[in-house]
Amino acid sequence: MELKTGIKGKTELTVTLNETAASAGSGGLEVFSTPHMLALMENTAWSSVEPYMEEGKTTVGTHIDMAHLSASPVGAHITAESELVEIDRRRLVFRVNASDDAGLIGEGTHERFIIDKEKFMSNTESKVKG
């Protein structure tokens, strides 16, 4: 399979108390949290291109520009979608959005880089060796 623009992803969840702002520590209300929406968007982008990665490679998130447009209550059904819109060598750019049953709740762009898993982990783990 060839990595190319136009690859789409879709992930869904139902909001529980675990995904609320109160639970995430990002606010005091029991509504779908911005950190959880960001993670859902990032997971959607990552999982959409993971089947295209060569053995030993994966992608890591490096940037996200997202607007949280509307609150969603506990019990809401959330759908996140991504589309790969740009490839620049190892840099991948996705258009991402999230909706609940009432409509759009968030949108933005997300950037990921293709990395070698072993080298990445070795470099990362060297930070705590001493």
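Per chain, residue numbering runs from 1 following the sequence as it is written. The predicted nature of this model means local features are confined to residues of pLDDT at least 70 and side-chain atom pairs, given and counted, to a pLDDT of 80 or more, with totals for whole chains, interfaces and linings taken over all residues. Side-chain figures throughout are based on the complete set of non-hydrogen atoms in the structure, without hydrogens or water.

In this structure, what is going on with the overall build of the protein chain? I would like to understand it.
Each helix and strand in the protein chain was counted, giving three helices and five strands. For helices the rule is a DSSP run of H or I covering at least 4 residues; for strands it is a run of E covering at least 2, with both sets numbered from the N terminus onward. When the helices and strands of the protein chain are read in sequence order from the N terminus, they spell out β-α-α-β-β-β-β-α. The principal-axis extents of the C-alpha atoms in the protein chain amount to approximately 45 × 40 × 20 Å. Here's how the labels work: a residue is buried when its accessible area is under 20% of the maximum for its type, exposed when over 50%, partly exposed in between, all with a 1.4 Å probe on protein chains only. Burial status across the protein chain gives 31% buried among its 130 residues. Long-range pairs, those at least 24 residues apart, make up 64% of the contacts in the protein chain with a sequence separation of at least 6. Contacts between residues were defined by any pair of non-hydrogen atoms, one from each residue, lying within 4.5 Å.

Would you mind going over the sheet that holds strand β1 (residues 8-14) with me for this structure?
By way of backbone hydrogen bonds, the strands of a sheet pair with one another, either parallel or antiparallel. Strands are treated as partners if at least two bridges between them are detected by DSSP. The five strands are arranged β1-β3-β4-β5-β2 in an open sheet whose pairing can be described as antiparallel. Each edge of the open sheet is held by one strand with a lone partner, namely β1 and β2 (57-68). Here the strands of the sheet are splayed against their neighbours by 25 degrees on average, with no regard to which way each runs. Relative to strand β5 (residues 103-116), strand β4 (residues 91-100) runs antiparallel, the two sharing ten bridges. Considered in β5, the bridge of Leu92 is made with Arg112. The axes are straight lines fitted to the C-alpha atoms, using for helices just the contacting stretch, and the angles between their N-to-C directions are given from 0 to 180°.

Where do I start with the nonpolar core in this structure?
Across soluble globular proteins, nonpolar side chains show a tendency to be buried alongside one another. Residues Phe32, Val49, Ile78 and Phe94 are the most contacted members of the largest nonpolar core, which totals 19 residues. Counting residues per element, this core draws most heavily on helix α2 (residues 34-49), which supplies five residues. The criterion is simple. A nonpolar core is a set of buried Ala, Val, Leu, Ile, Met, Phe, Trp, Tyr and Cys residues joined through side-chain atoms within 4.5 Å.

Which parts of the structure should I look at to understand unusual backbone geometry?
Excluding glycine, residues mostly have negative phi values, and the peptide bonds linking residues are mostly trans. Even without glycine at this site, Arg89 takes up a positive phi of about 55 degrees. Mapped onto the elements, Arg89 comes out in the loop between β3 (77-88) and β4. Under the relative-accessibility criterion, Arg89 is labelled exposed at 72%.

What exactly am I supposed to notice about the side chain of Arg112 here?
Locating Arg112 in the fold gives a position in strand β5. Only 2.8 Å separates the side chain of Arg112 from the side chain of Thr59, close enough to count as a polar contact. Here Arg112 is in contact with Glu42, Ala45, Trp46, Thr59, Val60, Gly61, Thr62, Arg90, Arg91, Leu92 and Phe94, once residues within four sequence places are set aside. Whenever two N or O atoms come within 3.5 Å, that pair is a polar contact, provided that in protein one can donate a hydrogen and the other can accept it, and provided that, for residues adjacent in sequence, both atoms are side-chain atoms.

I would appreciate a short explanation of the pattern of salt bridges in the present structure.
Any two side chains of opposite charge can pair, on the condition that their charged atoms come close. Only one rule defines a salt bridge in this text: a Lys or Arg side-chain nitrogen within 4 Å of an Asp or Glu carboxyl oxygen. Scanning all chains against the criterion turns up five salt bridges. Arg91 is the salt-bridge partner of Glu86, the closest N and O atoms lying 3.0 Å from each other. Take Glu86: its relative accessible area is 34%, and that puts it in the partly exposed class. In this structure, Glu111 and Arg91 form a salt bridge, with 2.9 Å as the shortest nitrogen-oxygen distance. A residue pair is termed long-range when its members are at least 10 positions apart, and Glu111 in strand β5 and Arg91 in strand β4 qualify at 20 residues. Members of the salt-bridge network, linked through shared partners, are Glu86, Asp88, Arg91 and Glu111.

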